[in-house]
Structure formats: structure tokens, C-alpha cells
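Fold and geometry: a report
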Amino acid sequence: MEVATTVVVAPAPAADDKALQQKLFELKLKPSSTKLPAPAPAKKASAKPAAKKKLAGGSGGYVLEDVPHLTDYLPNLQSFPNPLQNHPAYSVVKQYFVNAGDTVAKKIVVHKSSARGTHFRRAGPRQRVYFQPDEVSAAIVTCGGLCPGLNTVVRELVCGLHDMYGVTSVVGIEGGYKGFYARNTVELTPRSVNDIHKRGGTVLGTSRGGQDTAKIVDSIQDRGINQVYIIGGDGTQKGAATIHEEIQRRGLKCAVVGVPKTIDNDIAVIDKSFGFDTAVEEAQRAINAAHVEAESAENGVGVVKLMGRNSGFIAMYATLASRDVDCCLIPESPFYLDGKGGLLEFAEKRLRDNGHMVIVVAEGAGQDLIAKSMNLADTHDASGNKLLLDVGLWLCQKIKEHFKKKANSPITLKYIDPTYMIRAVPSNASDNVYCSLLAHSAIHGAMAGYTGFTVAPVNGRHAYIPFYRITERQNKVVITDRMWARVLCSTNQPCFLSHEDVEKAGQDDEEPNVPLVEGENSLVKVSPLQ
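Below: a short report on this structure. (Residues numbered from 1 in each chain as written. Predicted model: local features only at pLDDT ≥ 70, side-chain atom pairs only at ≥ 80, totals over all residues. Heavy atoms only, no water.)

**Some thoughts on the overall build of the chain**
Filter applied, for reference: Helix and strand definitions here come from DSSP, where helices need a minimum of 4 consecutive H or I residues and strands a minimum of 2 consecutive E residues; each element is numbered from the N-terminal end. Each residue gets one of three labels from its accessible area relative to the maximum for its type: buried under 20%, exposed over 50%, partly exposed in between, using a 1.4 Å probe on protein chains only. Contacts are assigned to residue pairs that have any heavy atoms within 4.5 Å of one another. Here the open area of atoms and residues is found with the Shrake-Rupley method and a 1.4 Å probe, where only the protein chains shown may cover a residue.
Secondary structure summary: the chain contains 15 helices and 17 strands in total. Out of the 530 residues in the chain, the part that is buried amounts to 51%. The long-range share in the chain, meaning contacts at least 24 apart out of those at least 6 apart in sequence, stands at 79%. Here the chain displays about 24700 Å² of accessible surface, and carbon together with sulfur accounts for 50% of that area.

Quick look at the structure:
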């Protein structure tokens, strides 16, 4: 069945249409050229069509990157008054519902001549919903690696659906995506999930990979599920996008909602992912232990390996919070061991001056150095992630070898790897509150008929973000930013960067181009009923 995106002409005056389109091009295309791109080569018949985007244009260079709605492909879908308006807990709320036109700006630091830029639809309850409470059959699944807060999100989804909207049919999919077609479901009730937020891990179980979209949607259709809440990282959200597209292709009334999860905080656009605050807090324990060990020994060296496959946020924030770290190594900032200005020379100086040192290294740092020294080829896990070599053990070995060659310079080195201990702990108070807000925003969006989106805060306001926006790139530490400069000031470590490294870092931080609706260079506006 062919599905068409419902759009109407933007409400800009006809005389200004061309000027407004030009402004959109200037926002979305590279500064070096505002010409139309050359036509793309014809795709093979077997190629998967690109997902359609919903963009709305407005005055002053305003662009709304909207999310799909069930009425895009089910135009005659009936809506109902939101039952929250009769909820006693909401009787004290000044304004029950989010205004239909409320959006959240992606960029809030602007100049007086700046265009208004990209916006996302604001999260929250709407006046009209597209599901009656007794017709909702919801499913929750957790995928990928463990992260503090998974159980809290599951709990708040179940309790939020029940307490706010009166939904009583909620099931958990066990074992990740494969559980849709390889496992039975488990019934979830407010009573059964009451205490799970006090435990680490996920009560539903998880796995990597194993996604067969057709089988998953067959299971959703056969079980009569009409709301799916998918908790996982960028790989999981990519899978959620394909599930949404298949559901839309089949014309099913089923909302697909993503809750972004990654302990590394590497999901783009959003302020942060849940579990990150807990991870930084727990990392302090390992750093404190390493500092005690190092300080208590002659020429003591403490090495702590923290999570951070491609992004060094945990290592960076843990270093800033600790103030006991002498050197922080992250994937975004290349480093070298030998020679003038290298890590080993710095270690010699720090031990000579202080008598001890602590090194924090993210797990993805120095992978090129290790692979080059060991002549190893890349391998990947079931989720497509590159399998990392143990930079902590490698670094310890290199430090020991270096100081072994130095006469009268014995060292005492202690290596701490708390990775799996940090992943497995329950979320702290801050993350528990955050998980609750994420779950509630996800529920409000699904009940209002939105689908194919991820929910998360953007500049402090929760918003509904299209799947493609958070999966097109990863969030990384910007080593040309003041935050990384604060780390260098705190540790007084060498920068390790050449001029070429800095230039490359600046290029990597450029925003990707955002495709326009269905590949055409025209402005559209979404129907106001949403």
C-alpha cells in the first residue's frame, strides 16, 4: 500500500515564497554553495526508499522538523478528548495541555540578525488523543547494553499509562528485539513493577542485534499491539525507525516511540541521555580509589578505564568532578606516547613533581595506536559496533616498559576497570526524575497520535525528535570547545594535538545537511490538528 505524507502550503505570503525558500537553503546547505544539488543517480529497484521528512517553514527562517502522525496515513482516524482534563491530580495545573503550535528551538544562542533556525515539536499532553484507554495495548522493549535507569523508564511507562490514562494492557518484550518473535511476553502492571527502579539492569532482559523487521511487525500485528515503546541507543533507534516504516507501509494504527538510552551520552541533538549522571557519579569511586592507591605508594600511578566507545563524556565530566586526575584521554583527542610532549614524558615530569599521578582513559581512546602496534584488523559485535581493544591494559604495559628502562625510577601501578560495575547500578535520584519525565513525555506523544519519534530534552525542554535526526551522527566531545579546555586547565596535561588535528576537529563538528520533504525544495506546513 502506498503511503502519502499529508502536507499543506505554508502560510507565508505568495510574494515572499521564493525569499523564504532561499533562506531555508541558506540554513540547510553548506555555506560554500547555495546551488541546487545535482540530481541523485537512479536507485536500484531493490533499494529501500528513504524515509519521508516533514518540514514546516515560517517567517524569519523558521524551520520545524516535525514527526509523523497516525493521520498522515490514516486520515479518517477518530480523536477523543484527553482524559487528563478530568484527572484530579491535574486539577491544580494552570494549563492542562501544550499549545498546538509550541516548538523547541534547537539553537538558543543567536545574534540579532540570525535566522530562527531549526525547531522540534514540544512534548506534552494534547487536548485530543487518538486512543481510547480501553483500546490501548502497549508493549515495552529494552535493547542494547545495560545502563542505569532502564528499570525506572519501564516502571514509569507502565505506571504513567495506568495512572494518567487508565491503560491496563501493557506487556514487556523479553530479550530485546528478538523477543518479539522468539519469546513470550510478560504482563506488566503497576504492582509488578513497583520496586524495579531500585535494581540495576533491566527486568525485561536485553540483547544486541537480532532484528528481523518483518517478523517483529508480524508479531505486533498478531498480538494486537498498538503502542510500542523502544528503549535503546542509536542502533536501537535505527531499528525503531524501520519498524515504524513497516507499520506505516501496512497501514496499522500503531504508535512507535523511542526513548534514547546510551550511558556514553553520544546521542546527537538531545541534552543528555539517562544514566549519564549516575555513571559520572559512580566513576568518582574508581578515581578516588586510584588516587588513594597512587598517593600511598612511591611513584604511584593509578590508571582508570571508563566507558566511552566513541565519545569521551564520562571521562571528561568525571575528570572535572574529581580534580584528582592528572591526565584524561578520550577518543576525540588523539595522543601519542613517545617523544617530546608525549604522554610518557609528561608522566615522568608529574611523578618527579608530585610523586604520584592518576590517568583516566576512555575505552575508545588510542585504538589506532593499539591496532598499529599489534597489527590487528577491525572486528564488530552483533549491533555493528567496532570491538575495542583494551586500551587500559595496553597503556599500563607501555608505562611499565618505559619506566623499567629508567634507572632508579621504579613505579607502583594500579589498574582499575569499573566498566561493568557502573553499568549495572541503579540510577541515582537525578536520573530517576529524568527517566520519569522521559516516560511521561513518550506516553503523551503516543496517546496524541504521534509516531516515529524519540523523546528527549533539547535546551532544557522536552521535544519530539524524528528518528533520522538522532541516528544520522553521534554526539562527541568538541575538543575545540571551552569544556575540553577546562579539562586541560584542571589536569595541566599536554594538548597532544597538532594544527591539523584541531582543523579536523572543527570540520567534524559541522552540522549535517537536513533533506527536505520527499527530496523536493519546497516549504510545507503540517496540519494544525496535530
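**So, helix H10 (residues 391–404)**
Where we set the bar: The span you would expect from a helix comes to 1.5 Å times its residue count less one. What qualifies as a polar contact is a pair of N or O atoms within 3.5 Å, subject to a donor-acceptor requirement within protein and to the restriction that residues adjacent in sequence count only when both atoms come from side chains.
Taking 1.5 Å as the rise per residue, H10 with 14 residues should run 20 Å; its terminal C-alpha atoms sit 20 Å apart, in good agreement. Within H10 the residues assigned to the buried category are Val-391, Gly-392, Trp-394, Leu-395, Cys-396, Ile-399, His-402 and Phe-403. Among the structural elements, strand S12 (300–306), strand S13 (327–329), helix H8 (343–354), strand S14 (356–362), helix H9 (367–374) and strand S15 (412–416) are those in contact with the buried residues of H10. Of the residues flanking the start of H10, the one acting as N-cap is Asp-390, its side-chain oxygen 3.0 Å from the backbone nitrogen of Gly-392.

**Things to note about unusual backbone geometry**
At Asn-265, a residue that is not glycine, the phi angle is positive and equals roughly 65 degrees. Secondary-structure assignment places Asn-265 in the loop between strand S11 (255–260) and helix H6 (276–295). Owing to a relative accessible area of 5%, Asn-265 belongs among the buried residues under this scheme. Of note in this structure, Arg-323 is not a glycine but carries a positive phi near 70 degrees. Mapped onto the fold, Arg-323 is located in the loop between helix H7 (313–322) and S13. By relative accessible area, which is 55% here, Arg-323 ends up exposed.

**Quick word on the nonpolar core**
Stated precisely, the cut-off is as follows: By nonpolar core we mean a set of buried residues, namely Ala, Val, Leu, Ile, Met, Phe, Trp, Tyr and Cys, connected to one another through side-chain atoms within 4.5 Å.
Ranked by size, the top nonpolar core spans 110 residues in total, and within it Ile-140, Tyr-229 and Phe-274 carry the most contacts. No other element matches helix H2 (residues 150–165), which puts nine residues into this core. Beyond its immediate chain neighbours, meaning those up to four positions away, Ile-140 contacts Val-154, Leu-157, Val-158, Val-170, Val-171, Gly-172, Ile-173, Leu-188, Leu-204, Tyr-229 and Ile-231. Counting 24 residues, the second-largest nonpolar core is a separate cluster that includes Val-301, Cys-327, Trp-394 and Leu-413.

**Let's talk about the sheet that holds S13**
Here is the rule: Note on pairing: two strands pair once DSSP finds at least 2 bridges between them. Angular values range over 0 to 180 degrees, each being the angle between N-to-C directions of two axes fitted as lines to C-alpha atoms, with helices fitted over their stretch in contact.
The strand order across the open sheet formed by four strands is S13-S14-S12-S15, and the pairing between neighbours is parallel. Of all strands in the sheet, those bounded by a partner on one side alone are S13 and S15. Taking the axes of each pair of neighbouring strands and ignoring which way they run, one obtains an average angle of 15 degrees across the sheet. Strand direction decides the pairing type here: S12 and S14, joined by seven bridges, are parallel. Across the sheet, Val-303 pairs through a bridge with Ile-359, a residue of S14.

**Concerning the packing of aromatic side chains**
Our working rule: Side-chain rings of Phe, Tyr and Trp, where Trp is taken by its six-membered ring, are said to pair if the distance between their centres is within 6.5 Å; with planes under 30 degrees apart they count as stacked, over 60 as edge-to-face, and otherwise as tilted. Comment: the charge-over-ring label is applied if NZ (Lys) or CZ (Arg) is within 6 Å of the ring centre and within 35 degrees of the ring normal.
Inspection of the entire model under this criterion finds six aromatic pairs. Relative to Phe-97, the ring of Tyr-96 lies with its centre 5.7 Å away and its plane at 40 degrees, an arrangement referred to as tilted. Here the aromatic cluster, defined as three or more aromatic residues joined through ring pairs, consists of Phe-335, Tyr-336 and Phe-496. The ring of Phe-131 is capped by Lys-253, whose NZ or CZ atom sits 4.7 Å from the centre of that ring. One residue, Lys-272, lies across the ring of Tyr-434, its end atom 5.6 Å from the ring centre.

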